[in-house]
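Chain by chain, the residues run as shown.
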Amino acid sequence: MIRAATFRAFERYVAILVALAVPLAAVAVVGDVFAAAPRADAGLPPPNELFARVAPAARGDRVMTLNVTLDIVSETVPAPSAEPQAAPVADAAPEPTEELAPVAPQIAEPTPQPKPDPTIAPRPSPAPAAITTSLETRQAEFRMLALMNASRLQGGLVPLALDAGVSDAARRHSAAEAQVRYVYHDGPDGTARSRDLPACGTGWYGENTGKVWSGGVDVLHREFMAEPWEPINHRTNIMDPNFRRAGIGAVEGPDAVYITIVFCR
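Residues numbered from 1 in each chain as written. Predicted model: local features only at pLDDT ≥ 70, side-chain atom pairs only at ≥ 80, totals over all residues. Heavy atoms only, no water.

**Let's talk about the layout of surface pockets**
Piece 1. Computed from the structure, the second largest pocket encloses a volume of approximately 310 Å³.
Piece 2. Considering each element in turn, the lining of the second largest pocket owes the most residues, four residues, to strand β4 (residues 205-212).
Piece 3. Of the residues that constitute the lining of the second largest pocket, the class distribution is six nonpolar, seven polar and three charged. (1 Å grid on protein atoms, 1.4 Å probe; cavity = no way out; pocket = protein on both sides within 12 Å on 5 of 7 lines; lining within 4 Å. Points joined across faces, edges and corners; volume = space filled by probe spheres on them. Helix = DSSP H or I, 4+ residues; strand = E, 2+ residues; numbered from the N terminus. Nonpolar A, V, L, I, M, F, W, Y, C, P; charged D, E, K, R; others polar.)

Following this line, the structure appears as C-alpha cells:
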C-alpha cells in the first residue's frame, strides 16, 4: 500500500510538471518568433499613444501555425479644457403660482362737474374823498365868484349862484391838475364832459381853469376878461346869460394854487 500511494503521488507530480512545461515551451516559441521577425515599423517613429498594432508572426510554421494579432488601443483621454464646464443644472422646480383672488369689477364713478364760482356782487365804488380846503383856498374861491359877478352885473346879467356839489367836482379837477403841475380840460382824469355833466345835471356846462400864485386871483380874472369875444372861451363862459350856477374849486399845489370854475345852466 505504501508503494501504491507513493506511485500515485509521483504521477501527480509528473502531471503537474508536464502541465507547467507545455506553457513554458509555447512562450519560448512565441518569443523566438517575435525576436526573429523583422519589424514592420522599422525606421518609423514610435507609435503614438492612441493606437499601436503588432504584426503577425512571419514564421508561423516553425513550431505551430500561429496567427496572432494584438491590437492595443488606448482610449483617448480628453485633455481638461481651460474653462470649466458648468455642471448640468437640474430643472428648477416651477415656482408655485399664487392663485389671485377674483377682482371685483370697478364701476367708474361719474366725474364731478366743476361748480361755478359764486357770483360776487360788485362792490359799490367808494365816493372820492372830499378835497381838503384851507383858509387861503376858500378866500380864493370867494374872491373869484365876486369878480365874475361884478363883471356880469356890469354887463346887465344875473349873478351866478354858488353850487356846493359842483364846487366839489371843480376841486377834484384842480387836485388832479396839481399832481401833474399843469392845467387842462381833457387830461389824465378823463374828459370835461364825464366830470362836469353829472355835476351840473342839465346837459349844459362850461369850464375855466388856471393856476395863480399868492394874490393872483385878480390877475387871472383880468386875463379871462381880456380875451376877445368868441363863441366859446373863458370870457364868454363868464358872460353867458344861460349860465345861472357855478362851482369853484381852489386847491393848493406844490408850485401854485389851481383854480377850476364849472358853469351850469
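Now that the structure is up, let's keep going.
**So, a nonpolar patch on the surface**
Piece 1. Taken together, Phe10, Val14 and Val18 make up a surface patch of nonpolar side chains, about 270 Å² in accessible area.
Piece 2. Position of Val14 among the secondary structure elements: in helix α1 (residues 2-36). (Patch = residues over 30% accessible without salt bridge, like charges linked within 9 Å, V, L, I, M, F, W, Y side chains within 5 Å. Areas by Shrake-Rupley, 256 points an atom, 1.4 Å probe, with all protein chains shown as cover. Salt bridge = Lys/Arg side-chain N within 4 Å of Asp/Glu carboxyl O.)

**Brief notes about unusual backbone geometry**
Piece 1. The phi dihedral of Arg181 is positive, around 65°, even though this residue is not glycine.
Piece 2. Note on placement: Arg181 falls in the loop between α3 (164-180) and α4 (192-200).
Piece 3. The exposure class of Arg181 is partly exposed, given its relative accessible area of 49%. (Buried < 20%, exposed > 50% of the residue type's maximum accessible area, 1.4 Å probe, protein only.)

**With respect to the nonpolar core**
Piece 1. Met148, Ile259, Ile261 and Phe263 are the most contacted members of the largest nonpolar core, which has 21 residues in total.
Piece 2. It is helix α2 (residues 135-154) that provides the largest number of residues to this core, a total of five residues.
Piece 3. With residues up to four places along the chain from it excluded, the contact list for Ile261 reads Met144, Met148, Gly206, Glu207, Asn208, Phe224, Gly247 and Ile248.
Piece 4. Judged by nonpolar contacts, the second largest core, of five residues, contains Val166, Cys200, Val262 and Cys264. (Core = buried A, V, L, I, M, F, W, Y, C linked by side-chain atoms within 4.5 Å. Contact = heavy atoms within 4.5 Å.)

**What to know about the pairing of strand β5 (residues 245-252)**
Piece 1. Taken across its eight residues, β5 has six buried, putting it largely inside the fold.
Piece 2. Bridge count for β5 against strand β6 (residues 257-264) is eight bridges, and the pairing is antiparallel. Across the sheet, the residue bridging to Gly249 is Thr260, located in β6.
Piece 3. What sits between the antiparallel neighbours β5 and β6 is a turn of four residues. (Pairing = 2+ DSSP bridges.)

**Observations regarding the sheet that holds strand β3 (residues 161-162)**
Piece 1. Taken in spatial order, the four strands make up an open sheet running β3-β5-β6-β4, and their pairing is mixed. Here the strands that pair on one side only, and so sit at the sheet edges, are β3 and β4.
Piece 2. Along the sheet, α4 contacts β4, β5 and β6; its crossing angle with β4, the most-contacted strand, is approximately 115°.
Piece 3. Relative to the sheet, helix α5 (residues 217-225) contacts β4 and β6, its axis offset from that of β4 by approximately 135°. (Axes fitted to C-alpha atoms, helices over the stretch in contact; angles between N-to-C directions.)

**Overview of the pattern of salt bridges**
Piece 1. This structure, assessed with the given rule, holds eight salt bridges.
Piece 2. The shortest N-O distance in the salt bridge between Lys211 and Asp255 comes to 3.3 Å. Of the two residues, Lys211 sits in strand β4 while Asp255 sits in the loop between β5 and β6, which places them 44 residues apart along the sequence.
Piece 3. On the basis of relative accessibility, which here comes to 27%, the residue Lys211 falls in the partly exposed class.
Piece 4. By relative accessible area, Asp255 is classed as partly exposed at 27%.
Piece 5. By sharing partners, the salt bridges in this structure join Arg138, Glu141, Asp168 and Arg171 into a single network.

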